[in-house]
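The primary structure of each chain is shown beneath.
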Amino acid sequence: MVDISRRTMLTTTAAGAAAALALRGASPAAAQAVPTPAEVSGHDPISLTWLEGGAPAEVTGGTTWGVPWPRGAFAPGQQFTLTTEAGAQVPVQSWPIGYWPDGSVKWTAHAISGAAPRAESYRLGAGTAAQPAEPVVVKTDGGQVTVDTGVITVAFARSGEHVVKSITRGGTVIAKDGRLVASRQDKPEEPGRSESFTSHVSSVHVEQNGPVRAVVRVEGRHKKGRREWLPFTVRCYLYAGSDAVRVVHTFVYDGNENKDFINGLGVRFAVPMRGEPHDRHIRFAGEGDGVLAEAVRGITGLRRDPGQAVRQAQYQGKATPDPATWDQRVTTRLRWIPAWGDYRLSQLTAHGFEIHKRTGPGHSWIRVDGGRRASGLAYVGGPTGGLAFGMRNFWQLHPTELEITGAATDEAQATVWMWSPRAGAMDLRFYHDGMGQDTYPEQLDALEITYEDYEPGFGTPYGVARTTELTFWALAATPPAERFARLAAANATPPLLISPPRHNHAAGVFGSWSPADRSVPAKAALEDKLDLMHRYHREQVDQRSWYGFWDYGDIMHSYDGDRHVWRYDVGGYAWDNSELSTDLWLWYHYLRTGDAKAFRFAEAMTRHTSEVDMYHLGKWRGLGTRHGILHWADSAKQVRISNAGYKRFYYFLTADERIGDVMHDLIDSDRSFLVLDPGRKINGGEPFDPDPKALGVGQTTDWGSLAMAWLAEWERGGDPIARTKLINGATTIAALPNGWVQGGVTYNLADGRFNPMTEKSVSVGSLSSVFGLIEVMTELIGLIDDQAVKAKWLEFCRLYNATKAEQKEVTGADWGNLNLRQAYSRATAYAARQLGDQALAKRAWQELRTGHAGYPDSHPFGARRIEGPAVLNPVDEADLSTNASAQFGLAAFQCLALVGEHI
């Protein structure tokens, strides 16, 4: 299997063109469900702005973003130019990351350095790219890979314990011996036996080599003695003219949750210390733009004053004057002033951090200061250079820590703790003992009360992962407080360039949606409701403190109005885990509005659900876990949760390689049906001996999720089996007597075909299309010219909310008492648009307004404030559930896009 993350088509135009040619196996595409406005041309330069608006004061090394283009606008070899609105050329690196079936470019990725001209907006269009004055240079020589940005040189070790051998600036080694560190204990509450592990590098790959951006991927495991575990992937991003190294760190838990309790996980560098202790500086970013500025040996506040110029120099991070010029009552007594060599800022909860320091090992820690939410940046060094090091989402992903040790010696250690050793052990065990649920009938009975699908041995974290973003700056000198605050802000919220909703919509990507529209009162009222609903769920994250290493990014499933809390402790009603496509709703809301808060909300969810809610190792690799109290607790392991469709938005909007890896790994997830019987509890646990040529893969919830992975791989120019299985699946489903509602179907693993049937039968459930099937079919029909597929899908869309008589007339039986009719109003709208049927269009709006299993037109969408003794903290409450909100949002978005004129 080809690993798309290694494909040179992402780094070279020639290989990109070759990959695009491979896509031409599809027939000429039919018209898009959402036509491209005639006045918008992919050849015209487009305007780009920063996500948060304005021009950022600082950029974390550089920024990379994606832009969609209409079908046929550009060939794979197209070059792009970038200018500020004032016309200044900006060096840019561009490459294709997605293709239309005709081989033209669908998505391009672009990268600029933080050292490039900065403006509030830019123009991107066809043309020759400006080159950086000092391009990134990558060299591979023997045992190391070296990247030179023109400002810093970073050497990567190809083996051994050090991921980064050194970071050098102007001939001075700023940091060296960069490695990953981890520790475990064998008991959760008390230390017991404890072990420390360090990184062991197994491979290093250069994924991009400039001229603006270089990407180096390092893989390995944590090792001590003969044991190797906790596999990791570390990507390092370097930009021309920049002094920063952005790091995306991923690890996978592959331990025994009953014996392997992680009590420390971090990244550590050695930092050579130069100068006297009074010229060595420590910096920590607090909340907002606050900075703690100290020296290893402080000379302020003493009983004797060295002089204002001396004090100011030290406080400002500058070299102090020659001590011979100081008040000699201080100079002659320097040896009596303690040197504080160890510092740490610990953020053990989302609501408080503390800074402590000590003179060295064996001595007490002294409390320095504290605050609420630290920005996640520290510095150690002096006037001749030092290392700033930080972690994004620092307080959100608690318990975290920034630690400096040995700053009073010749060599300090700077550590970013993604799991602080001060927090105690990471306890991933299941939360109950099974309560006697030893048989399938008992488990099904328990499901009726707690909504949790429990099964012994299934609530394991083995194979779940977490990705964390870090940044390291090799600075020429101690930064002034203002610059350090800017670095902290960029570290916390990395600036990102975006293309506007109108352009993204005109490009025809992501199916049926349209930019937010308040042109008439009815639309404005609906848009207001959509905004209120989104804002409520987004703000619940902070009100309910949905933060923490494993939790941040997810939201809760259902609310308990009696206790005024979300049902965090009630079986399947707790964490949402993408149930009913929450991720899709959030991303489409961003696409429609271009709102920065919407993007960051969806981004956090994608990072979480792509790592924590699915398995990356083991027998369930490629499967996700249904909603529950622990993200991995439920025994329902399903492709509908690991769904690549929830990740495509983030990948194409940011060109994020880690998300690309996750999507690529999902193209084989149909193999999971060989190892796990989804119907084992229903069929009484009969012996499971699956036939690869006749697997029980459903053609709705299951196939729709698989199809999203294949669509993503196909449009990225990856393994051709993806396109084969995607088209084979759609065409053979359409050939079934009742298509997507045909009962008793089986699936051939080898080629993705569903086996033919001749007799009509009906099997349909309300969940069939609410995990992305409607969205993937909307896109697929726009990509392949297959009238049989289109006709059969339109039949499904038209009939789901039709009368039982209409259903029986076409399929031979009615479809029963189906649920979620409001959610399926978008299917009715799609059929109405494709068939030009005004009666269907009006029916779609009626279905949305009636609110069956959702929100009726009369729903207020407003929240009420609850304070006082009834609740722990003041909170907003609303009669909203996450699943209903997601499906209402998706239905409303598509009804507006497809039949908006009938509102």
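Look above for the structure.
Report on the accompanying structure. No experiment lies behind these values; they were computed from the predicted model shown.

Some points on the overall build of the protein
Secondary structure summary: the protein contains 20 helices and 34 strands in total. Here the C-alpha coordinates of the protein stretch approximately 100 × 65 × 55 Å along the principal axes. Burial statistics for the protein: of 903 residues in total, 61% are counted as buried. Here the analysis covers contacts within the protein between residues at least 6 apart in sequence; of these, 68% occur between residues at least 24 apart. Accessible surface for the protein amounts to roughly 32000 Å². Of this, 50% is attributable to carbon and sulfur atoms. The distance from the centre of the 93 positive side-chain charges to the centre of the 101 negative ones in the protein is 4 Å.

Re helix 7 (residues 521-543)
Its 23 residues give helix 7 an end-to-end C-alpha distance of 32 Å, which sits within 8% of 33 Å, the value for a rise of 1.5 Å per residue. At the exit of helix 7 stands Ser545, carrying a positive phi of roughly 55°.

As for the packing of helix 7 against helix 8 (residues 582-593)
Running from N to C, helix 7 and helix 8 cross one another at 130°; their axes reach a closest spacing of 12 Å. With respect to each other, helix 7 and helix 8 are oriented oblique. In this structure, the crossing between helix 7 and helix 8 has a hand that is left-handed. Together, Glu527, Leu530, Asp531, Met533, His534 and His537 of helix 7 and Trp585, Leu586, His589, Arg592 and Thr593 of helix 8 make up the contact between the two elements. Classifying every residue of the contact of helix 7 with helix 8 gives 4 nonpolar, 4 polar and 3 charged.

A look at unusual backbone geometry
Note that the residue after Gly210, namely Pro211, is joined by a cis bond; omega there is 15°. Across the junction of His398 and Pro399, the peptide omega takes the value 5°, indicating a cis bond. Looking at where Pro399 falls in the secondary structure, it is placed in the loop between strand 24 (385-391) and strand 25 (400-405). One non-glycine residue, Asn577, lies in the positive phi region at around 50°. Structurally, the position occupied by Asn577 is in the loop between strand 30 (565-566) and helix 8.

A look at the layout of surface pockets
Roughly 1200 Å³ of internal volume is contained in the largest pocket. Taken together, 45 residues line the largest pocket, and the ones lying closest to its centre are Gln638, Arg640, Pro678, Asp702 and Leu767. Those elements giving two or more residues to the lining of the largest pocket turn out to be helix 4 (440-450), strand 32 (637-638), helix 10 (639-642) and helix 13 (701-715). Here the residues of the lining of the largest pocket are counted per class, giving 17 nonpolar, 19 polar and 9 charged. Contributing to the lining of the second largest pocket are 35 residues, with Asn393, Trp395, Gln396, Tyr552 and Arg600 lying nearest its centre. The leading source of residues in the lining of the second largest pocket is helix 9 (residues 596-611), at 7 residues. By residue class, the composition of the lining of the second largest pocket is 13 nonpolar, 8 polar and 14 charged.

Section: empty space enclosed by the protein
All told, the structure shown has 12 cavities of 30 Å³ or more when counted by the stated rule. The space that makes up the largest cavity amounts to roughly 240 Å³. Forming the walls of the largest cavity are 21 residues, and the residues nearest its centre are Thr63, Thr64, Arg246, Leu496 and Thr654. Of all the secondary-structure elements, those providing two or more residues to the lining of the largest cavity are strand 2 (62-68), strand 15 (227-239), helix 9 and helix 11 (648-654). Approximately 100 Å³ is the volume attributed to the second largest cavity.

Digging into the sheet that holds strand 7 (residues 121-126)
Pairing is antiparallel in the open sheet, where 5 strands are placed in the order 4-3-7-1-28. The sheet terminates laterally at strand 4 (89-90) and strand 28 (497-498), the two strands that pair on one side only. In terms of strand pairing, strand 3 (residues 80-84) meets strand 4 through 2 bridges, oriented antiparallel. Note that in strand 4 the partner of Thr83 across the bridge is Gln89.

As for the packing of helix 8 against helix 20 (residues 882-899)
Relative orientation of the contacting elements helix 8 and helix 20 amounts to 40°, with a least axis distance of 8 Å. By the criterion of interaxial angle, the relationship of helix 8 to helix 20 is oblique. Pair helix 8 / helix 20 crosses with left-handed handedness. Two secondary-structure elements touch here, helix 8 through Thr582, Leu584, Trp585, Tyr588, His589 and Arg592 and helix 20 through Thr882, Ser885, Ala886, Gly889, Leu890, Phe893 and Leu896.

Some thoughts on the state of the cysteines
Under the criterion given, the structure shown has 0 disulfides. Free cysteine: Cys895, not disulfide-bonded; nearest cysteine sulfur from Cys797 at 12 Å.

Describing the pattern of salt bridges
In this structure the tally under the stated criterion is 58 salt bridges. Of the charged contacts, one joins Arg600 and Glu603 as a salt bridge, the two residues approaching to 3.2 Å between their closest N and O atoms. With Arg600 and Glu603 both in helix 9, this residue pair falls 3 residues apart, about one helical turn. Residue classification places Arg600 among the buried positions, given a relative accessible area of 16%. Sharing partners across several salt bridges, the network here consists of Glu52, Arg246, Arg392, Glu469, Arg600, Glu603, Arg607 and Asp656.

A short note on helix 20
The terminal C-alpha atoms of helix 20, which comprises 18 residues, lie 25 Å apart, in line with the 26 Å expected from a rise of 1.5 Å per residue. Summarising burial for helix 20: 18 of the 18 residues are buried, a large majority.

Let's talk about the pairing of strand 19 (residues 291-295)
Along a regular strand, successive side chains alternate from one face of the sheet to the other. In this sheet, strand 19 lies alongside strand 18 (residues 281-285) in antiparallel orientation, the contact comprising 5 bridges. Each bridged residue has a counterpart across the sheet, and for Ile282 the counterpart in strand 19 is Glu294.

Comments concerning the environment of Gly457
Locating Gly457 in the fold gives a position in the loop between helix 4 and strand 27 (465-475). C-alpha separation for the pair Gly457 and Val639, spaced 182 residues apart in sequence, amounts to 19 Å.

Some remarks on the sheet that holds strand 2
Read across the open sheet, the 3 strands follow the order 2-6-5; overall the sheet is antiparallel. In this open sheet, the two strands that pair with only one neighbour each are strand 2 and strand 5 (93-99). Between one strand axis and the next, the sheet turns through 20° on average, direction left out of account. Two strands pair when backbone bridges link them, and strand 2 and strand 6 (residues 105-113) are joined in this way by 7 bridges, in the antiparallel orientation. Paired with Gly62 across the two strands is Ser113, which belongs to strand 6.

A short note on the side chain of Arg213
Topologically, Arg213 is positioned in strand 14 (residues 213-224). Arg213 gets classed as buried once you look at its relative accessible area, which sits at 2%. In terms of polar contacts, Arg213 uses its side chain to reach the side chain of Gln208, at 2.7 Å. Ignoring sequence-local partners within four residues, the contact set of Arg213 consists of Thr64, Gln93, Trp95, Ala111, Val136, Gln208, Tyr237, Leu238, Tyr239 and Glu657.

Some thoughts on a negative patch on the surface
Taken together, the side chains of Asp438, Glu442, Asp445 and Glu448 make up a negatively charged region of the molecular surface. Along the chain, Glu448 falls in helix 4.

Points about the environment of Glu686
Position of Glu686 among the secondary structure elements: in the loop between helix 12 (657-665) and helix 13. Glu686 gets classed as exposed once you look at its relative accessible area, which sits at 53%. In sequence terms Glu686 and Arg235 are 451 residues apart; their C-alpha atoms lie 45 Å from each other.

What to know about a positive patch on the surface
Taken together, the side chains of Arg303, Arg304, Arg333 and Arg335 present a region of like positive charge at the surface. Structurally, Arg333 is set in the loop between helix 3 (328-331) and strand 20 (342-349). For Arg333, a relative accessible area of 45% corresponds to the partly exposed category.

Section: the packing of aromatic side chains
Per the counting criterion, the structure on display carries 43 aromatic pairs. Centroid distance Phe251 to Phe549: 6.2 Å. Interplanar angle 45°. Geometry classified as tilted. Note that Phe251 is positioned in strand 16 (residues 244-252) and Phe549 in the loop between helix 7 and strand 29 (559-560), a separation of 298 residues in sequence. We classify Phe251 as buried; its relative accessible area is 1%. For Phe549, a relative accessible area of 3% corresponds to the buried category. When the ring of Trp419 is compared with that of Phe549, the centres are 5.7 Å apart and the planes differ by 85°; the resulting orientation is edge-to-face. You can see Trp419 sitting in strand 26 (residues 411-419) and its partner Phe549 sitting in the loop between helix 7 and strand 29, a full 130 residues away along the chain.

The rules behind the values
Residues numbered from 1 in each chain as written. Predicted model: local features only at pLDDT ≥ 70, side-chain atom pairs only at ≥ 80, totals over all residues. Heavy atoms only, no water. Helix = DSSP H or I, 4+ residues; strand = E, 2+ residues; numbered from the N terminus. Buried < 20%, exposed > 50% of the residue type's maximum accessible area, 1.4 Å probe, protein only. Contact = heavy atoms within 4.5 Å. Areas by Shrake-Rupley, 256 points an atom, 1.4 Å probe, with all protein chains shown as cover. Lys, Arg positive; Asp, Glu negative; His and termini not counted. Charge placed at Lys NZ, Arg CZ, Asp CG, Glu CD. Expected span 1.5 Å × (residues − 1). Axes fitted to C-alpha atoms, helices over the stretch in contact; angles between N-to-C directions. Parallel < 35°, antiparallel > 145°, perpendicular 65-115°, else oblique. Left-handed = near helix turned anticlockwise from the far one by under 90°. Nonpolar A, V, L, I, M, F, W, Y, C, P; charged D, E, K, R; others polar. 1 Å grid on protein atoms, 1.4 Å probe; cavity = no way out; pocket = protein on both sides within 12 Å on 5 of 7 lines; lining within 4 Å. Points joined across faces, edges and corners; volume = space filled by probe spheres on them. Pairing = 2+ DSSP bridges. Disulfide = S-S within 2.5 Å. Salt bridge = Lys/Arg side-chain N within 4 Å of Asp/Glu carboxyl O. Polar contact = N/O pair within 3.5 Å; in protein donor to acceptor, adjacent residues only side chain to side chain. Patch = residues over 30% accessible without salt bridge, like charges linked within 9 Å, V, L, I, M, F, W, Y side chains within 5 Å. Phe/Tyr/Trp six-rings, centres within 6.5 Å; stacked < 30°, edge-to-face > 60°.

By themselves, these figures tell us nothing about what the structure is for.
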